[in-house]
Amino acid sequence: MLSDHEFLEHFDAGTLDLSGFGHEAHIRAAWLCLRHAPFRDAVGRLRRGLKRLAISTGNPQRYHETITVAYTRLVQRQMRLLGDPSWEEFRRQSDDLLAPDLSALRVLYGAEVLDSAEARKRFIPPPAWNIEPVERFLKEFADYQESLDARQPDAGDTPGAWTGVERRAAEPVCVTAVLAVADVQRAAQFYANAFGFDVAPFPQHPPYQFALLSRGGAELMVRAAADPAALRPSAGWALYVRLSGGRIRELHARLSATCHISRPLQRMPYHDVEFEVRDPDGYIVVVSEWLDDAHDIPDAMEGDDTA
């Protein structure tokens, strides 16, 4: 059996043997993530790893948000009761959580909720948890997202106009830019190094057909071009990356040492600070951030055509 360190390392990298990644392995992944971080950060790490593994099998739709969050909460509760046990001790005293039929959750939810498309897409807390702070926050946040759609004005009496319900049903889960690249592994490594993206390639081992890159709410997909020799990126912007945290100067300096900077760091008339960099396939990436104090950065020349 893999050590805890080996298991988590392979889980984060998406290189676990999928033939042995059953329900117990899911629980162990949650247990390990919780040992290294508070609940919210642990869930985020677990989400990334499970989605990466689902993508590597060619079935990204297998990821289930409610099962992931709810089991992580149950694992956290059990860890507190047992006083930070080893994995072997946790296994020995957690038969209900390790039952492969998901009975620990079905007692709380019932099959109808867990089997619903809505529960797969977003976390639905069981009624018994509504009074607890973490689950109450998650439920209120989900309700808030629902209310945004409900408040959208319909198009009056216009024939064929969408109602609020129809608008919610047709709402995209996300929109992801897709770049055709000559080498998926090379392109993914560039964006991972430059912007800290987590990389989920498909298939599990190279040569890769595509890779999904994600960090926080940002996503990007790179896919293998049908004819790499004929790849001709357009002259304009391919991606516009917004940063936060006030580190655009640091990123510009780091990329300047290894990449082609096609436009230097400049303060724009609309008050953002920007620079442009070419990725390994020649795509122009605009990097932008709002800075309160940018007096040390030159102003962009008036009339400069950056696009």
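The preceding data block contains the structure.
So, how was this worked out
Here the residue index of a chain counts from 1 through its sequence in written order. Where local features are concerned, this predicted model is filtered to residues with pLDDT of at least 70; where side-chain atom pairs are given and counted, the filter is 80 or more; whole-chain, interface and lining totals use all residues. The side-chain values count all of the structure's non-hydrogen atoms but skip hydrogen atoms and water molecules. Pairing of aromatic rings covers Phe, Tyr and Trp, the last through its six-membered ring, and needs centres within 6.5 Å; plane angles under 30 degrees mean stacked, over 60 mean edge-to-face, and all others mean tilted. Sitting over a ring, as applied to charges here, requires NZ of Lys or CZ of Arg to be within 6 Å of the ring centre and within 35 degrees of the ring normal. Fitted lines through C-alpha atoms give the axes, limited to the stretch in contact for helices. The angle between two N-to-C directions lies from 0 to 180 degrees. In this description a helix means any DSSP run of H or I spanning at least four residues, a strand means any run of E spanning at least two, and both kinds are numbered starting from the N terminus. Angular relationships are summarised with four words: roughly parallel below 35 degrees, roughly antiparallel beyond 145, roughly perpendicular across 65 to 115, and oblique for the angles in between. When checking whether two residues touch, look at their non-hydrogen atoms; a contact exists if any pair is within 4.5 Å. Under the scheme applied here, ten amino acids are nonpolar (Ala, Val, Leu, Ile, Met, Phe, Trp, Tyr, Cys and Pro), four are charged (Asp, Glu, Lys and Arg), and all others, including Gly, are polar. DSSP calls a pair of strands paired once it identifies at least 2 bridges connecting them. Throughout this description, the term nonpolar core refers to a set of buried Ala, Val, Leu, Ile, Met, Phe, Trp, Tyr and Cys residues connected via side-chain atoms within 4.5 Å. Burial status follows relative accessibility: with a 1.4 Å probe on protein chains alone, a residue under 20% of its type maximum counts as buried, one over 50% as exposed, and anything between as partly exposed. Put simply, a crossing is left-handed when the front helix is turned counterclockwise from the back one by less than a right angle, and right-handed when it is turned clockwise. The span you would expect from a helix comes to 1.5 Å times its residue count less one. Throughout this description, a polar contact denotes any pair of N or O atoms lying within 3.5 Å of each other; where both atoms belong to protein, one of them has to be capable of donating a hydrogen while the other can accept it, and for residues adjacent in sequence the pair is counted only when both atoms sit in side chains.

Structural notes on the packing of aromatic side chains
Within this structure, the stated rule accounts for eight aromatic pairs. The rings of F190, Y191, F195 and F197 are connected pair by pair, giving a single aromatic cluster. Directly above the aromatic system of Y63 lies the positively charged group of K51, at a separation of 5.2 Å from the ring centroid.

Describing the packing of helix α12 (residues 184–195) against helix α13 (residues 248–256)
For the pair α12 and α13, interaxial distance at closest approach is 10 Å and the crossing angle is 140 degrees. With respect to α13, the axis of α12 lies oblique. Contact with α12, carried on its side by N193, A194 and F195, involves L251, R254 and L255 of α13 and no other residues of that element. For the contact of α12 with α13, the per-class residue count stands at four nonpolar, one polar and one charged.

Topic: the sheet that holds strand β8 (residues 284–290)
Read from one edge to the other, the open sheet built from four strands follows the order β5-β8-β7-β6, with strand pairing classed as mixed. Each end of this open sheet is capped by a strand with a single partner; those strands are β5 (237–242) and β6 (260–267). Ignoring strand direction, the axes of neighbouring strands in this sheet form an average angle of 15 degrees. Note: β5 against β8, five bridges, orientation parallel. The residue of β8 that forms the bridge with Y240 is V286.

Describing the nonpolar core
Across soluble globular proteins, nonpolar side chains have a tendency to be buried as a group. Within the largest apolar cluster, 36 residues are counted, with the highest numbers of intra-cluster contacts made by F11, F21, Y71, V75 and F90. Breaking this core down by element, the ones donating at least two residues are α1 (4–13), α2 (23–36), α3 (39–56), α4 (65–82), α5 (87–92), α6 (95–98) and α7 (103–109). Considering each element in turn, this core owes the most residues, eight residues, to α2. Setting aside its immediate chain neighbours within four residues, F11 contacts L16, F21, A29, C33, R45, L46, G49, L50, R52 and L53. Counting 34 residues, the second-largest nonpolar core is a separate cluster that includes L213, L220, L255 and V273.

Some details on the sheet that holds strand β2 (residues 198–202)
Taken in spatial order, the four strands of this open sheet run β1-β4-β3-β2, and their pairing is mixed. Edge positions in the open sheet fall to β1 (177–181) and β2, since each of these has one partner strand only. For this sheet, the mean inter-axis angle between neighbouring strands, taken without regard to orientation, is 20 degrees. Where β2 and strand β3 (residues 210–215) come together, five bridges link them in antiparallel fashion.

Details of the packing of α2 against α3
Two elements in contact, α2 and α3, have axes whose closest approach is 8 Å; the angle formed by their N-to-C orientations is 140 degrees. Between α2 and α3, the angle is such that the two are oblique. Considering only the axes of α2 and α3, their crossing is right-handed. Residue-level contacts link H26, A29, A30, C33, L34 and H36 of α2 to F39, A42, R45, L46 and L50 of α3. Taken together, the residues that form the contact of α2 with α3 break down as eight nonpolar, two polar and one charged.

Notes on α12
Compared with the 16 Å implied by 1.5 Å per residue over twelve residues, the 16 Å span of α12 between its first and last C-alpha is a close match. Among the residues of α12, V184, A187, A188, F190, Y191, A192, A194 and F195 are the ones counted as buried. You can read the cap of α12 off the contacts: a side-chain oxygen lies 3.0 Å from the backbone nitrogen of Q185, and it is on D183. Where α12 terminates, the next one or two residues include G196, which has phi positive at roughly 75 degrees.

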